[in-house]
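Listed below, chain by chain, are the residues.
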Amino acid sequence: MSKQRVLSGVQPTGNLHLGNYLGAIRNWVEAQSEYENFFCVVDLHAITAPHNPATLAADTYTIAALYLACGIDLQYSNIFVQSHIPAHSELTWLLNCITPLNWLEDMIQFKEKRVRQGKDVNVGLLDYPVLMASDILLYDADKVPVGEDQKQHLELTRDIVIRINHQFGSEEHPVLKMPEPLIRKEGARVMSLTDGTKKMSKSDPTEMSRINLLDPPDLIQKKIKRCKTDPVKGLEFDNPERPECHNLLTLYTILSGKTKADVAVECQDMGWGQFKPLLTETAIAALKPIQEKYQAVMDDQGYLESVLRDGRQNAESIANATLARVKKALGYSVPV
Ligand code: TYM
């Protein structure tokens with residue numbers, strides 16, 4: 001039996017942080033041998049917010065190199081750049097024309113981000129989830145491993161599948177395949193270091209709110225030293241009054257590879273003065289091999305280019321076949 005297919009992606013806006021790693025990429029790596037995987041750098045999504053053309057290409061390469069550094073294995077996985085495959089934009093147009101406007105206006109991320117963009121909010125930001133649906137549906141993906149914040153976008157993708165299959169397909173001949181989200185409980189929502197009630201985010205203006213995968217040890221130490229805590233002695237999970245405590249213990253649990261039960265016992269009598277150096281040391285040790293591998297990949301641009309070329313070739317043939325299938329279902333003529 002052939003393997004099920006996985007697709008996921010990250011935007012090349014700034015560095016990857018621990019939320020991206022623990023909520024998404026770590027899960028891609030752990031399960032990759034079970035699936036046929038496609039991981040893209042979603043650079044078309046990156047221009048839905050104001051962007052810097054001088055750094056877009058370099059940021060795209062950085063993310064691709066970080067995929068490899070985090071352990072994406074080309075034996076099981078393909079890495080490619082979204083904008084290198086025109087079918088992503090073309091399917092987006094077709095799906096736009098069957099997606100009701102109010103579905104997009106209801107998206108939480110759109111509502112939050114439009115406040116930040118003010119009156120200059122662009123159409124791309126509204127349309128962002130349809131482009132994401134195209135990324136997934138072009139590959140007939142079975143599973144989409146993401147963090148908790150993408151759940152609503154996955155639900156929208158599933159609604160689009162129901163609608164297109166209902167309007168243009170049949171039960172025996174669906175036009176598009178129904179994908180499922182893969183959201184692991186642990187790490188699905190990593191919170192900010194400066195406010196345990198807000199998610200860790202690339203767009204947070206406070207650099208101290210996140211640990212980036214490429215942060216040097218002294219910066220990691222500084223960020224953890226200054227992170228928000230509380231005056232209570234003894235550390236515990238799952239106390240809603242202590243969101244920072246829960247978040248930092250969760251980070252320690254995942255980064256150390258220990259179980260939640262073991263960490264609960266280990267830290268129950270600790271104060272912050274004892275815990276913070278422990279978390280610092282653990283985070284630095286967990287990120288060291290990623291940072292070393294990243295440097296090795298970046299030192300060999302030819303290799304990175306060949307990875308993206310191979311990835312594009314494998315991805316493009318699948319994407320084009322799906323696009324042709326959708327166009328046929330919608331009644332388009334074939335060029336002669
Ligand atoms: P992006 O680039 O914002 O984030 C990439 C991945 O990281 C996860 N994530 C988090 N997980 C836990 N805690 C956090 N604080 C945290 N912050 C981010 C996200 O859930 C995501 O899995 N729209 C997507 C990119 C995308 C995509 C796709 C994903 C485009 N096309 C197709 C899957 C399939 C986004 O902006 O992710």
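Re the pattern of salt bridges
For side chains bearing opposite charge, pairing can occur when the charged atoms are close. Here the structure, examined in full by the defined rule, presents 17 salt bridges. The salt bridge involving Lys-198 is made with Asp-204; its shortest N-O contact spans 3.6 Å. Overall, the relative accessible area of 42% leaves Lys-198 in the partly exposed class. The residue Lys-228 makes a salt bridge to Glu-244 at a minimum N-O spacing of 3.5 Å. Here the residue Lys-228 occupies a position in the loop between helix H8 (217–226) and helix H9 (243–256), and Glu-244 occupies one in helix H9, the gap between them amounting to 16 residues. Within the structure, one salt-bridge network assembled from shared partners comprises Glu-207, Arg-210, Asp-215 and Lys-223.

Description of the site of the ligand
Surveying the vicinity of the ligand reveals 28 residues, the closest of which are Gln-11, Tyr-128, Asp-135, Asp-149 and Val-190. Between Gln-11 and the ligand, the recorded distance is 2.8 Å, taken from a side-chain N or O atom to an oxygen atom. Asp-149 is positioned such that a nitrogen or oxygen atom in its side chain is 2.4 Å from an oxygen atom of the ligand. Its free accessible area being 710 Å², the ligand has 96% of it covered by the protein chains. When contributions to the shell around the ligand are tallied by element, the ones reaching two or more residues are strand S1 (5–10), helix H1 (18–31) and helix H6 (123–137).

As for the packing of aromatic side chains
Scanning the entire structure with this criterion turns up six aromatic pairs. On the numbers, 5.9 Å between centres and 75 degrees between planes, the contact of Trp-272 with Phe-275 is edge-to-face. Taken together, the residues Trp-272 and Phe-275, both in helix H11 (residues 272–298) and three residues apart, mark about one turn of the helix. Site record: aromatic cluster; members linked through ring pairs are Trp-28, Phe-39 and Tyr-67. A cation over a ring is seen here: Lys-260 above Phe-237, with NZ or CZ 5.1 Å from the ring centre.

Brief notes about the pairing of strand S2 (residues 36–41)
Of all the six residues making up S2, five are buried; the element is thus mostly covered by neighbouring parts of the structure. Bridge analysis of S1 against S2 gives six bridges, and the strand direction is parallel. From the neighbouring strand, Val-10 faces S2, where its bridge partner is Val-41. Handedness of the crossover is the feature at issue here: the chain leaves S1, passes through H1, returns alongside S2, and the resulting connection is right-handed. Pairing of S2 with strand S3 (residues 77–81), which is carried by five bridges, proceeds in the parallel orientation. Pairing of Val-41 across the sheet is with Val-81, part of S3. Of the crossover connections in this fold, the one passing from S2 over helix H2 (residues 53–70) to the parallel S3 is right-handed.

How each quantity is defined
- Residues numbered from 1 in each chain as written.
- Predicted model: local features only at pLDDT ≥ 70, side-chain atom pairs only at ≥ 80, totals over all residues.
- Heavy atoms only, no water.
- Salt bridge = Lys/Arg side-chain N within 4 Å of Asp/Glu carboxyl O.
- Buried < 20%, exposed > 50% of the residue type's maximum accessible area, 1.4 Å probe, protein only.
- Helix = DSSP H or I, 4+ residues; strand = E, 2+ residues; numbered from the N terminus.
- Near = heavy atom within 4 Å.
- Polar contact = N/O pair within 3.5 Å; in protein donor to acceptor, adjacent residues only side chain to side chain.
- Areas by Shrake-Rupley, 256 points an atom, 1.4 Å probe, with all protein chains shown as cover.
- Phe/Tyr/Trp six-rings, centres within 6.5 Å; stacked < 30°, edge-to-face > 60°.
- Lys NZ or Arg CZ within 6 Å of the ring centre and 35° of its normal.
- Pairing = 2+ DSSP bridges.
- Right-handed = clockwise from strand over helix to strand, strands pointing away.

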